[in-house]
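# Architecture and fold: a report
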Amino acid sequence: MVRIKTIPFDDQAVNKARGITQAIQYPSVYILTGRKEAYVGETINIAHRIQQHYHHADRRRLDQLRVITDKRFNKSATTDIEASLIKYLSADGQFRLQNGNNGIRNYNYYEKEVYEKTFREIWQLLIKQGIAKHNHVQIENSDLFKYSPYKSLTEDQYKTAESLFDSLLQHLQRNEETAFLVHGGAGTGKTVLAVYLMKLITDVMTSQPEAADEFTADEDEFSFQSLYYLKNIKSLKIGLVVPMTSLRKTLEKVFKQVQGLRSSMVIGPSDVIKEHYDVLIVDEAHRLRQKKNLMPGHHKVFERINAQLGLKDGNEWDWIRCCSDYQILFYDDTQTVKPSDIDNGVFQRLVQKENTEEYFLTSQMRVAAGQDYIAYVENILYEYGNPKKKKFKNYEFLLFDQIQDLVRTLQEKEREVGLCRLVAGYAWKWKTQNKALDQIRSEQLYDIEIESSRFIWNSVNEDWVNSENAVNEVGCIHTVQGYDLNYAGVIVGPELAYDEQTQSIVVHAEHYFDRFGKASIHDEKILKHYILNIYKVLLTRAIKGTFVYVCDPALRNYFRQWIDSAEE
């Protein structure tokens, strides 16, 4: 049975902790709280650990100790519960955590499912005590949870972070400018790892090396190796470059809520010229732009910045390279979606340079069906061959014949779990662009008409996924790339069709309305590549399930070979 014992965190805390019998006999978890800050830990010796904390300057700002005990606890369980508490308390928003983020890993152990239920019980008790305020569903749907630097890492994420961080420190020691290219497909946690590294570097810079002997190796946030390097490196100027405006605004909000991070650390590619950076981490590097098919006004921005940097025809990667000593780029060559995205050849040439290191992420963090689902979607879209029809455990992948049925099912899921959104390829004109919602409603305006259903495109560009009216709108590629959904309803528009004679997917360019996405493209194969990439992104956004409606009847029949019908 879970129990939570609360005592004042003062000079008598150690003696009182010794009186908590279960915390002396078994591993325990504890939470130190103050007015706005908190610290979470786990230990096999609660009295010794509290004594260490009482002599730590940051912990002395805290005034309440809660010790969580259960006779069923073992070391694996308390380590896992500690990690969950860190993740959930950080996302809950009542406290800024003093914890570092080094070492939170996702791993299995005996009866893990039992202790996950125990954590739910603990969380409900904390809500009753006023230490937490949001239930687990609300937290798991929040951006602060999804992009938290305290997110548990997969094994390959952890190894990549560990190896990359160690290499970065060594290059800093030798003053060798280096680029790190991290490859990762959809759902492999590129953004999570980028945020994790921002927090890790910040924590190491602000920690005190002389305090290293306060902690045992098991319970310290930083390795002694990192602290050794810290004595020899300068304070670093770091930034997180996010090319997409919508995701950038979301991450700014996340950084504002995390101890040690600031919203000003999240910047756009054109912001890098304002000062010189030691380290720039670039998320979604495949969406950096080149001077091609740009929106009005952006050509002048490119000309101005290139002139300022002395570049003849530079792209956004060139700006980043000129304005920083070390670059960490997170990249997926299958997520370029328009001609203004930098050519893959730029990154291929980067790899060939001696001062570039490569890393690879493979574990699937988003889609519950795992990497097999991603490969299955690619096989269908890019026609790599005829895959055997698959069903995925714990994942709903369904094809709808009627758009009304898809919308109704998606709305049911929205009521159940939230964060369910309708998305589509850019196959309809954006007639409601720059119009207020009140005007759209009063004049009954719409952008998309399918069968007897009418829809509008996303009414906001920034953080559309979390906007108030998003559940009633259709999101485009530029508002959902980089985000996680619980369920996605994907409308495959009439810009894609199926030629039954050639038995292949074809493009109808007249139905593709992203004019900056197709201007100057004269090769249909190139346009098809971008459009298929868009649908790959849309079809791999959802954690729990993807519902599909296809406008072209022949293409719908092609999809029917691989996707179960919702009517069955």
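Check the entry above for the structure.
Notes on the structure in this doc start here. Since the model is a prediction, treat every value here as computed from it, not as a measurement.

The rules we used
- Residues numbered from 1 in each chain as written.
- Predicted model: local features only at pLDDT ≥ 70, side-chain atom pairs only at ≥ 80, totals over all residues.
- Heavy atoms only, no water.
- Helix = DSSP H or I, 4+ residues; strand = E, 2+ residues; numbered from the N terminus.
- Rg over C-alpha atoms; globule rule 2.2 N^0.38 Å.
- Contact = heavy atoms within 4.5 Å.
- Areas by Shrake-Rupley, 256 points an atom, 1.4 Å probe, with all protein chains shown as cover.
- Lys, Arg positive; Asp, Glu negative; His and termini not counted.
- Charge placed at Lys NZ, Arg CZ, Asp CG, Glu CD.
- Axes fitted to C-alpha atoms, helices over the stretch in contact; angles between N-to-C directions.
- Parallel < 35°, antiparallel > 145°, perpendicular 65-115°, else oblique.
- Left-handed = near helix turned anticlockwise from the far one by under 90°.
- Disulfide = S-S within 2.5 Å.
- Buried < 20%, exposed > 50% of the residue type's maximum accessible area, 1.4 Å probe, protein only.
- Pairing = 2+ DSSP bridges.

From N to C terminus, the chain includes 21 helices and 21 strands. For the chain, whose C-alpha radius of gyration is 25 Å, the value lies close to the compact-globule estimate of 24 Å for 568 residues. Oriented by its inertia axes, the alpha-carbon framework of the chain measures out at about 80 × 60 × 50 Å. Counted over contacts in the chain with a minimum sequence separation of 6, partners at least 24 positions apart contribute 76%. For the chain, the exposed area adds up to about 24,800 Å²; of that, 46% sits on carbon and sulfur atoms. Across the chain, 72 positive and 78 negative side-chain charges occur, with their mean positions spaced 3 Å apart.

Contact pair helix α9 (residues 190-206) / helix α11 (residues 245-256): the axes reach a minimum separation of 13 Å and the direction vectors enclose 40°. By the angle class used here, α9 and α11 are oblique. By crossing handedness, the relation of α9 to α11 is classed as right-handed. Contacts from Thr-191, Val-195 and Met-198 in α9 reach Leu-247, Leu-251 and Phe-255 in α11.

Taken as a whole, this structure holds zero disulfides when the rule is applied. The thiol sulfur of Cys-322 is not disulfide-bonded, and the nearest other cysteine sulfur, from Cys-323, lies at 6.1 Å. Classification of Cys-322 by relative accessible area gives partly exposed; the value is 32%. The thiol of Cys-551 is not disulfide-bonded; the next cysteine sulfur, from Cys-476, is found 16 Å away. Taking the relative accessible area as the measure of exposure, Cys-551 reaches 19% and is therefore buried.

Here we come to the sheet that holds strand β4 (residues 64-69). Read from one edge of the open sheet, five strands run β1-β4-β2-β3-β5, paired in mixed fashion. Looking at which strands have only one partner, the edges of the open sheet turn out to be β1 (3-8) and β5 (96-97).

Within the secondary structure, Tyr-30 is located in strand β2 (residues 28-33). Of the residues examined, Tyr-30 reaches a relative accessible area of 0% and is grouped as buried. Each C-alpha atom, one on Tyr-30 and one on Thr-78, is 9.7 Å from the other, the two residues being 48 residues apart in sequence. In this view, Tyr-30 contacts Tyr-39, Val-40, Gly-41, Glu-42, Thr-43, Ile-46, Arg-49, His-53, Leu-65, Arg-66 and Val-67; residues no more than four positions away in its chain are not counted.

Moving on: the pairing of β4. Within β4, five of the six residues are buried, which leaves the element mostly enclosed by the surrounding structure. In the sheet, β1 pairs with β4 via six bridges, with the strands oriented antiparallel. Bridge pairing links Thr-6 to Arg-66 in β4.

Here we come to the sheet that holds strand β16 (residues 474-475). Adjacent strands of a sheet form backbone hydrogen bonds with each other and so pair up, either parallel or antiparallel. One open sheet accounts for six strands, arranged β16-β13-β17-β20-β12-β21; its pairing is parallel. Where the open sheet ends on each side, the last strands, each with one partner, are β16 and β21 (564-565). In the sheet, strand β17 (residues 485-492) pairs with strand β20 (residues 542-550) via seven bridges, with the strands oriented parallel. By the bridge assignment, Gly-489 is partnered in β20 with Phe-547. On top of the sheet, helix α16 (residues 403-417) reaches β12 (396-400), β13 (420-424), β17 and β20; it is set at about 145° to β13, its chief contact. Relative to the sheet, helix α21 (residues 553-560) contacts β12, β17 and β20, its axis offset from that of β20 by approximately 140°.

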